[in-house]
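# Working through the structure, step by step
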There are 2 protein chains.
Amino acid sequence: MKTDERIALAMAELLRKQGYGATGINQLARAAGAPTGSIYHHFKGGKREVAAAALRQTGAAYIQLLPLLLDAHADLAVAIEAAFAAAAEDMENTGWANMCPVGTVTAEVADTEPTLREVAAEVMGTWIDEGSRYLTTRGLSETDSRSVIFAILTAIEGAFVLARGLRSAEPFLAAGRSVAAYVASLERAERAARAAGAPGAARARAKA
Amino acid sequence: MKTDERIALAMAELLRKQGYGATGINQLARAAGAPTGSIYHHFKGGKREVAAAALRQTGAAYIQLLPLLLDAHADLAVAIEAAFAAAAEDMENTGWANMCPVGTVTAEVADTEPTLREVAAEVMGTWIDEGSRYLTTRGLSETDSRSVIFAILTAIEGAFVLARGLRSAEPFLAAGRSVAAYVASLERAERAARAAGAPGAARARAKA
DNA sequence: GTCTATAACAGGATAGAC
DNA sequence: GTCTATCCTGTTATAGAC
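In the nomenclature of an unreviewed UniProt entry, chain A corresponds to TetR/AcrR family transcriptional regulator from the organism Streptacidiphilus fuscans.

Structure below.
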């Protein structure tokens, strides 16, 4: 593996465990098995630029998990609940280390590091775009898909925070149940609209 | 206002905007209108102890908002969706500054500051206890109440992160819709169980 | 209790030999 | 491209006058 890739990867690992402020250049150098100077050789912008690369890299990797996890079940609601349970298990197995550097860093430096905030926004944007595109392939309308991907992302990021603080899987399990129920209610509404009304139109909004 | 209260309050304000690592003692002293030495006079434990006090203080204040906001509507699902919309508006008006130091600090230092993590867990614990107790007064069963308060808290904390990164109210609005739909589906299930089965028992679980 | 000055140290970043 | 030594600025924390 190339040196710059090793550095960015090590940064991602440190970011998700410690956040941006607590991660030092020397610690990063040790973790990446490279001397301090090499970091500045590969990343002229220093710590900030390494962090940006790490966010982009892990952001791209994470969104690929969505179809991978959700394709496992034919019923979308069931698939979502299972995915949250899987995330909970993963997190418990890693000692409640956070699994999403993007969320951690965003919360931490959104008001103090403008460029990192922009990188985070860019990453989140791709999550929303690719995620909602996937959800339409699972039968949701476009507006519902956008709503649901936001529901999933907010629930996951929030579950990370609660689970990390409480050292408990319960936030993930509850959040998964909640989002799954939301999706089930949307599917019910869309089915009802298709059965009752004009074909190809989802005019009746989910109210009950 | 007493000096130590001013210091803790200023710390809470800085924590929610900047996080723990980026907040320095000198900056805190300036913000609180007190010299550096006074901080150590009132908080022997230094920065860490001030942060702990700030988390406890704001944590207690925040959970009081829940009944205040949700009592506004007779329909619980409607109340929840409205509360998320209100939070979105508040956040937009403050320039997307985070509104929850507990979440920010937890994500940031859960693995590096054990005592602060414990304080955060304690605060979240009171949120869950008091929140679920309130929800039972709104007619939810005890197990459903616990599920719903987790759903609300994870959705809110996650929405903070996404909204802060994207500088958009959409995460809050979508998260609110999702949790509201979840609550509506639970209420529907409990009503059906009461109508069909034994009185006072919610044996039928929400499946559809 | 309030404030100032400073100690003791760690941080990010750089220069320049190899 | 790799590594070492070092600069400079910031930090937390303290000592001690008022």
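## Focus: the overall build of chain A
Along chain A, the regular secondary structure elements total nine helices and zero strands. Structurally, chain A occupies a C-alpha span of about 70 × 35 × 30 Å along its principal axes. Within chain A, buried positions represent 52% of all 208 residues. In chain A, the share of contacts with a sequence separation of at least 24, taken over all contacts with a separation of at least 6, comes to 67%. Each charge class in chain A was averaged separately, 22 positive and 23 negative side chains, and the resulting centres sit 2 Å apart.

## As for the interface of chain B and chain A
Contacts between the two partners involve 47 residues from chain B and, on the opposite side, 46 residues from chain A. At the junction of chain B and chain A, the tally comes to six salt bridges. Close ionic contact of R164 of chain B with D111 of chain A constitutes a salt bridge, the shortest N to O distance being 2.9 Å. At the boundary of chain B and chain A, one finds ten residue pairs in polar contact (both at pLDDT 80 or more). Breaking the side of chain B that touches chain A down by element, the ones donating at least two residues are α1 (3–18), α6 (101–109), α7 (114–137), α8 (142–166) and α9 (170–196) of chain B. In terms of residue count, α8 of chain B provides more of the side of chain B that touches chain A than any other element does, 15 residues in total. For the side of chain B that touches chain A, the per-class residue count stands at 22 nonpolar, 14 polar and eleven charged.

## Some words on the protein's contact with DNA strand C
For DNA strand C, the set of nearby residues contains 13 residues, the closest of which are G24, I25 and Y40 of chain A together with T3 and H42 of chain B. Among the atoms of DNA strand C lying within 4 Å of the protein, the sugar-phosphate backbone contributes 68%. Interatomic distance of 2.9 Å between a side-chain N/O atom of H42 of chain B and a phosphate oxygen of DNA strand C. The class makeup of the residues in the surface near DNA strand C is three nonpolar, nine polar and one charged.

## Some points on the UniProt feature "domain: HTH tetR-type" (unreviewed entry) in chain A
Here the UniProt feature "domain: HTH tetR-type" (unreviewed entry) sits at residues 1–61 of chain A. Helix makes up 75% of residues 1–61 of chain A and strand 0%, and the two end C-alpha atoms of the span are 17 Å apart.

## Topic: the protein's contact with DNA strand D
The local shell around DNA strand D holds 14 residues, among which T3 and H42 of chain A together with G24, I25 and Y40 of chain B are the closest. Here DNA strand D approaches the protein such that, of its atoms within 4 Å, sugar and phosphate make up 64%. Within the contact set of DNA strand D, a phosphate oxygen lies 2.9 Å away from a side-chain nitrogen or oxygen of H42 of chain A. Within the backbone of I25 of chain B, one N or O atom sits 2.7 Å away from a phosphate oxygen of DNA strand D. Those elements giving two or more residues to the surface near DNA strand D turn out to be α3 (36–42) of chain A together with α2 (25–32) of chain B. The element contributing the most residues to the surface near DNA strand D is α3 of chain A, with five residues. For the surface near DNA strand D, a count of residues per class yields three nonpolar, ten polar and one charged.

## A word on the packing of helix α7 (residues 114–137) of chain A against α8 of chain B
Running from amino to carboxyl end, α7 of chain A crosses α8 of chain B at an angle of 115 degrees, the nearest separation of the two axes being 8 Å. Compared by their axis directions, α7 of chain A and α8 of chain B come out roughly perpendicular. Seen from above, α7 of chain A lies across α8 of chain B with left-handed handedness. Only V161, L162, R164, G165 and L166 of chain B of α8 of chain B make contact with α7 of chain A, whose side of the interface consists of R117, A121, M124, G125 and I128 of chain A. Considered class by class, the residues forming the contact of α7 of chain A with α8 of chain B number six nonpolar, two polar and two charged.

## Re the packing of aromatic side chains
Taken as a whole and judged by the stated rule, the model has two aromatic pairs over all chains. Summarising the aromatic geometry, the rings of F160 of chain A and F172 of chain A are spaced 5.4 Å apart at their centres and angled 80 degrees between planes, so their arrangement reads as edge-to-face. With a gap of twelve residues between them, F160 of chain A in helix α8 (residues 142–166) and F172 of chain A in helix α9 (residues 170–196) connect regions that are remote in the sequence. F172 of chain A shares its class with F160 of chain A; the two are buried. Note that K47 of chain B overlies the ring of Y20 of chain B, its terminal NZ or CZ placed 4.5 Å from the centroid.

## Observations regarding the packing of α1 of chain B against helix α4 (residues 47–70) of chain B
Residues and elements named next belong to chain B. Packing of α1 against α4 leaves a shortest axis separation of 8 Å and a crossing angle of 85 degrees. It follows from the interaxial angle that α1 and α4 lie roughly perpendicular. Across the interface between the two elements, I7, A8, L9, M11, A12, L15 and R16 of α1 pack against K47, V50, A51, A53, A54, L55, Q57, T58 and Y62 of α4. Residues of the contact of α1 with α4, tallied by class, amount to twelve nonpolar, two polar and two charged.

## Quick notes on the relation of the copies chain B and chain A
Superposing chain B onto chain A takes a rotation of 180 degrees combined with a translation of 0.0 Å along the rotation axis, leaving an RMSD of 0.0 Å. Within this description, the copies of the chain are treated as partners about a two-fold rotation axis. Judged by C-alpha distance, G158 of chain B is the residue of chain B that lies nearest the rotation axis, at 1.9 Å. Taken as a fraction of all interface residues of chain B, those also at the interface in chain A reach 98%, which identifies the copy contact as same-surface.

What counts and what doesn't
Residues numbered from 1 in each chain as written. Chains lettered and ligands numbered in written order. Predicted model: local features only at pLDDT ≥ 70, side-chain atom pairs only at ≥ 80, totals over all residues. Heavy atoms only, no water. Helix = DSSP H or I, 4+ residues; strand = E, 2+ residues; numbered from the N terminus. Buried < 20%, exposed > 50% of the residue type's maximum accessible area, 1.4 Å probe, protein only. Contact = heavy atoms within 4.5 Å. Lys, Arg positive; Asp, Glu negative; His and termini not counted. Charge placed at Lys NZ, Arg CZ, Asp CG, Glu CD. Salt bridge = Lys/Arg side-chain N within 4 Å of Asp/Glu carboxyl O. Polar contact = N/O pair within 3.5 Å; in protein donor to acceptor, adjacent residues only side chain to side chain. Nonpolar A, V, L, I, M, F, W, Y, C, P; charged D, E, K, R; others polar. Near = heavy atom within 4 Å. UniProt positions renumbered as here; feature names shortened; annotations may be inferred. Axes fitted to C-alpha atoms, helices over the stretch in contact; angles between N-to-C directions. Parallel < 35°, antiparallel > 145°, perpendicular 65-115°, else oblique. Left-handed = near helix turned anticlockwise from the far one by under 90°. Phe/Tyr/Trp six-rings, centres within 6.5 Å; stacked < 30°, edge-to-face > 60°. Lys NZ or Arg CZ within 6 Å of the ring centre and 35° of its normal. Least-squares fit on C-alpha atoms with pLDDT ≥ 70 in both.

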